[in-house]
Amino acid sequence: MLGPSGSGKTTCLRLIAGFESPDSGAILLDGQDVSAVPPNRRDVNTVFQDYALFPHMTVQENVAYGLRVRGVPLAERLARADTALELVKLGGFGDRQTSQLSGGQKQRVALARALVNQPRVLLLDEPLGALDLRLREEMQIELKNLQRQLGITFVYVTHDQGEALSMSDRIAVFDRGRIEQLAAPRELYAEPRSAFVARFVGGSNVVEGELARRITGVAQAFAVRAERVRVLAKDEPVPPAHWSCEGPLVDVQFHGATSRWQVAVGGMLFAVERRDGAAGVTGSPVRLAWPREAAVLLAGPP
Amino acid sequence: MISRSLDGLLHRRESLRVFLLLVPPLLWFGTVYLGSLFALLAQSFYAIDEFTAKIIREPTLATYRQLLTQPANLDIVVRTVGMAVVVTIASAFLAFPVAYYMARHARGRIRALFYVGVMLPMWTSYLVKVYAWRLILANQGILSWLFTSLGQQPLLDRLLAAPGIGGPSLSSSYLGLFVVFVYMWLPFMILPIQAAVERIPGSYIEASADLGANPATTFTKVIFPLAMPGIAAGSIFTFALTLGDYIIPQVIGDSTNYIGQVVYKQQGVAGNVPFAAAFSLVPIVVIGMYLWLAKRLGAFDAL
């Protein structure tokens, strides 16, 4: 579940977990309506954003908690807790206090504590939000491997579109409490159905109304991704089957391998991603062009 | 220039800053508080001359021997500690639901109302409250009137006839004394528990439910252990306040003595300061044992 903050994705996750109840509609788990089932009897487990590890228990006691309250015998639950800790590469950490752990380790303990119950669905609420970039990328790969290995459905909340695209089989894009589009990452990226999805997922240029009519001749909104737009050289003709527009260069952001040019076209900023590292002169006129098939027509009003 | 260099010095030397910060309170505590405590301890090693009623200023254990060998004194200790224990337990049971509600559910005006309700009695004079309770509990008082008008006079009679806790009226019974103690110290139990419960993040309770615990299990395994430091802090208040009080047992209750009263009478009317000093060390020792026990039982582990 992907969306900006306040778009309703965490509320949706809490509905699935059972912490909130829906005013209307139903929560189905494997086809069964669980809307009236309290969280403690739902076959789902959550990895909380703040990890919510119990401070008065050791790591092992935390992980074994779900088994303990379900009445699993001591020896078995300790063994299963240790197995779960090994699964998240924290074998031998069982006797530690949770206060002795780093953020990444707490994250893994929270994961083990949820997985040890073998839920049908694992809910993750921005689980990597508090980790630094390197650790986050590592955990993304690990979470994906875990998911494949265990075969449990993961429902993952994030506001990071890169994270959503790289980890998901299906993405639901949330905006203002509604799902804008539910699709596989590639489809979402290549064929955004609304201006919101195009902007949020691809960082696309969304051209609407009068400007769209001026460029394509039809007043229908379309999206074109920054990396498909090319800057034409001086006097270079517009290639066949391309659309084009022009305006002054406003800003250049240097990102290392690429740089992002912002060009003012008819009241909007057009983003262009360049791989040649050209610096450009702000204020100078720039002509842009992109293949017609790169423009994705968007349905309805934005 | 001087103030600039002083600024710099204070900025660089953290220990100097801490030192300046702590000197005034430490001087106060060291001389006034600990000083008087040690003076008391020293007094308890003197003894009084039975005939001349003069204090003999020579170190002796005679006063302690007197304290520990007279059965009446042990009775007083047992009665006082027993009262402190039941008052503490009752306060904890009454305070927890209120504190929990205040911390986790009450919002806005209701929350403010609860705070004022808990604090308000503390703004009133202690003596006024005690005498008010004497009237409430008296034979012709509000409570006995209430019992009568509800047709429950026999219930009250049976309570008052109960051995050990009864008496001629509520205001002169162990039961009445217990009620007033609980009333007086309840806020001291509610506030620390409320603070402790408020510090428990909501996600812990959700996590417990998420992992399969029903509300009762969540309470015993998560909420209660994490609220324990608050309960321990509150119980130290109620326990210590009951042990040391000498006014309430004088106004309410059946004229049996409590530790505070003995200390008061011995150093005042009787002029036996060594005995009063020795007796006033009893609550200190008991509280010390209580803290040690609370720590052993892990009451402060979640701190």
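Every value quoted in this text rests on a predicted model; they were computed, and no experiment measured them.

K.L.:
What exactly am I supposed to notice about helix α9 (residues 209-216) of chain A here?
P.N.:
Since the α-helix turns once every 3.6 residues, residues separated by three or four places project in the same direction. All names here are of chain A. Considered for burial, the residues of α9 that qualify are Leu211, Ala212, Ile215 and Thr216. Taken down its axis, α9 places every buried residue within 110 degrees of arc, on the same side. Considering only its buried residues, α9 is in contact with β8 (205-207), β9 (222-224), β11 (242-254), β12 (259-265), β13 (268-274) and β14 (285-291).

K.L.:
What is the right way to look at the confidence of the model for chain A in this model?
P.N.:
Predicted coordinates in regions of low pLDDT should not be interpreted in detail. Of all residues in chain A, 99% attain a pLDDT of 70 or more, and the chain-wide mean is 88. The least confident element of chain A is α9(A), whose mean pLDDT is 83; the most confident is helix α2 (residues 59-69) of chain A, at 94.

K.L.:
Any chance you could explain the sheet that holds β12(A) here in plain terms?
P.N.:
Within a sheet, adjacent strands bond to each other through the backbone by hydrogen bonds, running parallel or antiparallel. Residues and elements named next belong to chain A. Across the sheet, 5 strands lie side by side as β10-β14-β11-β12-β13; this open sheet has antiparallel pairing. Strand pairing shows two members of the sheet lacking a second neighbour, β10 (230-232) and β13, which therefore form its edges. In this sheet, adjacent strand axes meet at a mean angle of 50 degrees when their direction is disregarded. Relative to β14, β10 is paired through 3 bridges, and the arrangement is antiparallel. When the sheet's bridge partners are listed, Val231 is paired in β14 with Leu288. Each of β11, β12, β13 and β14 is contacted by α9, which is oriented at about 125 degrees to β11, the strand it contacts most.

K.L.:
Looking at this structure, how should I read the pattern of salt bridges?
P.N.:
Opposite charge on two side chains lets them pair, provided their charged atoms get close. Taken as a whole, this structure holds 17 salt bridges over all chains when the rule is applied. Residue Arg80(A) pairs with Glu76(A) through a salt bridge whose shortest N-O separation is 3.3 Å. You can see Arg80(A) and its partner Glu76(A) sitting in helix α3 (residues 74-87), 4 residues apart, about one turn around the helix. The exposure class assigned to Arg80(A) is partly exposed, which follows from its relative accessible area of 26%. One salt-bridge network, held together by shared partners, links Arg14(A), Glu20(A) and Glu206(B).

K.L.:
What should I look at first to understand the sheet that holds β9(A) in this one?
P.N.:
All names here are of chain A. With respect to topology, 3 strands assemble into an open sheet ordered β8-β9-β15, the strand pairing being antiparallel. With partners counted over all chains shown, the strands left at the sheet margins are β8 and β15 (296-297), one partner each. Relative to β9, β8 runs antiparallel, the two being bridged by 3 bridges. Bridge pairing in β9 links Val207 to Phe222.

K.L.:
Sorry, what's going on with the nonpolar core here?
P.N.:
What tends to happen in soluble globular proteins is that the nonpolar side chains get buried as a cluster. By size, the foremost hydrophobic cluster in this structure holds 44 residues, and its most contacted members are Phe54(A), Tyr65(A), Leu123(A), Phe96(B), Ile190(B), Ile193(B) and Tyr204(B). Ranked by the residues each element gives to this core, the list is headed by helix α4 (residues 71-104) of chain B, at 6 residues. Residues contacting Ile193(B), with those up to four places away along its chain left out, are Ala95(B), Phe96(B), Ala99(B), Gly230(B) and Ile231(B). The next biggest cluster of nonpolar side chains, apart from the first, holds 33 residues, and it includes Val63(A), Leu85(A), Ala110(A) and Ala114(A).

K.L.:
Explain the packing of helix α11 (residues 215-244) of chain B against helix α14 (residues 273-296) of chain B to me, please; I cannot follow it from the model alone.
P.N.:
Working note: a packed helix pair is described by the angle between its axes plus the distance between those axes. All names here are of chain B. Following both chains from N to C, one finds α11 and α14 inclined at 160 degrees, their axes separated by 10 Å at the closest point. Considered as vectors, α11 and α14 are oriented roughly antiparallel to each other. Note on packing geometry: the crossing formed by α11 with α14 is right-handed. Where α11 abuts α14, its residues Ser235, Ile236, Phe239, Ala240 and Leu243 lie against Pro283, Val286, Ile287, Tyr290 and Leu291.

K.L.:
What's the story with the interface of chain A and chain B in this structure? I'm lost.
P.N.:
Note on interface size: it is often stated as the accessible area lost on association of the parts. Listed as interface residues are 24 residues of chain A and, on the opposing side, 17 residues of chain B. For the pairing of chain A and chain B, the buried interface totals around 1700 Å² over both sides, and the portion due to carbon and sulfur atoms is 62%. Among the residues of chain A in contact with chain B, Asn40(A), His56(A) and Tyr65(A) are the three that bury the most area, contributing 31% of the side total. Linking chain A with chain B are 1 salt bridge. Between Glu206(B) and Arg14(A) there is a salt bridge whose closest N-O contact spans 2.7 Å. Among the elements that line the side of chain A that touches chain B, the one with the most residues is α2(A), at 4 residues. Residue composition of the side of chain A that touches chain B, grouped by class: 13 nonpolar, 6 polar and 5 charged.

K.L.:
Sorry, what's going on with the domain arrangement of chain B here?
P.N.:
We note that the domain assignment places domain 1 (1-41) and domain 2 (72-296) within chain B. Between the C-alpha centres of domain 1 of chain B and domain 2 of chain B the distance comes to 37 Å.

K.L.:
How do you make sense of the packing of helix α3 (residues 62-69) of chain B against α14(B) when you look at a structure like this?
P.N.:
Residues and elements named next belong to chain B. Two elements in contact, α3 and α14, have axes separated by 9 Å at closest approach and are oriented at 60 degrees. Here α14 runs oblique to α3, going by the angle between their axes. Here α3 runs over α14; the crossing is right-handed. Residue-level contacts link Thr63, Tyr64, Gln66 and Leu67 of α3 to Pro274, Phe275, Ala278, Phe279, Leu281 and Val282 of α14. Within the contact of α3 with α14, the residues separate by chemical class into 8 nonpolar, 2 polar and no charged.

Here is what the cut-offs are and how they apply
Residues numbered from 1 in each chain as written. Chains lettered and ligands numbered in written order. Predicted model: local features only at pLDDT ≥ 70, side-chain atom pairs only at ≥ 80, totals over all residues. Heavy atoms only, no water. Buried < 20%, exposed > 50% of the residue type's maximum accessible area, 1.4 Å probe, protein only. Helix = DSSP H or I, 4+ residues; strand = E, 2+ residues; numbered from the N terminus. Arc of directions from axis to C-beta. Contact = heavy atoms within 4.5 Å. pLDDT = per-residue confidence, 0-100. Pairing = 2+ DSSP bridges. Axes fitted to C-alpha atoms, helices over the stretch in contact; angles between N-to-C directions. Salt bridge = Lys/Arg side-chain N within 4 Å of Asp/Glu carboxyl O. Core = buried A, V, L, I, M, F, W, Y, C linked by side-chain atoms within 4.5 Å. Parallel < 35°, antiparallel > 145°, perpendicular 65-115°, else oblique. Left-handed = near helix turned anticlockwise from the far one by under 90°. Buried area = accessible area lost by both parts, 1.4 Å probe. Nonpolar A, V, L, I, M, F, W, Y, C, P; charged D, E, K, R; others polar. Domains from an automatic or database assignment.

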